[in-house]
Every structure is written in structure tokens, then in C-alpha cells.
Amino acid sequence: MCYDCCGKNGVLFKISLLGVMTSFALALLGILPPLNMIFVPIPMAWLLAIVLLLPSITLYFNVKDAFWADVEKCHRKKKK
């Protein structure tokens, strides 16, 4: 794996994936009894999951093509 080639796009890509996974974890936590008792109209954990998921998905789709282009360029350099 090439760690030197990712740069800014790699960091943003990983942050976006971390946000998506965290929002999925929050959505699952909204099902468990201690956290599903905190209600607004919906469980608070689900509300936090939605608030975290929207910017994470936006960031993911803005960065994914540039990230994979950087990875491909780095691997082509290594082959030569």
C-alpha cells in the first residue's frame, strides 16, 4: 500500500469514511434501550446520525475520484 501518495485527498477521504461509519454506529445505538429512551420526536442518536451522515456523504463524493486518481498515479510510479 502506498502511504506517501495520498496527501490531502487521502486524509479527507478517510475522514469521510470515518463519519459514515460513526453515523451507522449511532443509528445502531438508537435501537439500544439506554439511548432510545432519550426522545425528541425521534431518538437522539438517530438525529445525531443524520446530522453526521449528510456532510460525510457530501465530502465522500467530492473527494473519492481525486483520491483514487492519486492512488493510481502513485502505483504507476512505483511500477516504473
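Residues numbered from 1 in each chain as written. Predicted model: local features only at pLDDT ≥ 70, side-chain atom pairs only at ≥ 80, totals over all residues. Heavy atoms only, no water.

This part takes up helix α1 (residues 7-29). For α1, which comprises 23 residues, the first-to-last C-alpha distance of 33 Å matches the rise-based estimate of 33 Å (1.5 Å per residue) to within 8%. Looking at α1, one finds that the buried residues are Gly10, Phe13, Ser16, Gly19, Val20, Ser23 and Leu26. Buried residues along α1 sit against α3 (44-79). (Helix = DSSP H or I, 4+ residues; strand = E, 2+ residues; numbered from the N terminus. Expected span 1.5 Å × (residues − 1). Buried < 20%, exposed > 50% of the residue type's maximum accessible area, 1.4 Å probe, protein only. Contact = heavy atoms within 4.5 Å.)

Another aspect to go through is α3. For α3, with 36 residues, the first-to-last C-alpha span of 50 Å sits near the 52 Å given by 1.5 Å per residue. Roughly 40 degrees is the biggest bend found in α3, and it falls at valine 63. Listed in full, the buried residues belonging to α3 are Ala45, Ala49, Ser56, Val63, Phe67, Asp70, Val71 and Cys74. Tucked into the core, α3 has its buried residues touching α1. (Bend = angle between axes of the 7 residues up to and from the residue.)

Time to look at the side chain of serine 23. Looking at the element boundaries, serine 23 is found in helix α1. At a separation of 2.7 Å, a polar atom in the side chain of serine 23 contacts the main-chain carbonyl oxygen of valine 20. Residues in contact with serine 23, not counting those within four places in the same chain, are Ala49, Leu52 and Leu53. (Polar contact = N/O pair within 3.5 Å; in protein donor to acceptor, adjacent residues only side chain to side chain.)

Scored by pLDDT, the protein comes out at a mean of 84, with 84% of its residues at no less than 70. Confidence scores differ between elements of the protein, with helix α2 (residues 33-36) showing the lowest mean pLDDT of 66 and α1 the highest of 92. (pLDDT = per-residue confidence, 0-100.)

This brings us to the environment of methionine 44. Relative to the assigned elements, methionine 44 resides in helix α3. Classification of methionine 44 by relative accessible area gives partly exposed; the value is 31%. Counting along the chain gives 17 residues from methionine 44 to alanine 27, while the straight-line C-alpha distance between them is 9.5 Å.

Applying the stated criterion across every chain yields a total of one salt bridge. Between glutamate 72 and arginine 76 there is a salt bridge whose closest N-O contact spans 2.6 Å. Of this pair, glutamate 72 and arginine 76 both sit in helix α3, four residues apart, which is roughly one turn of the helix. According to the relative accessible area criterion, glutamate 72 is partly exposed, its value standing at 41%. Judged by its relative accessible area of 54%, arginine 76 falls in the exposed class. (Salt bridge = Lys/Arg side-chain N within 4 Å of Asp/Glu carboxyl O.)

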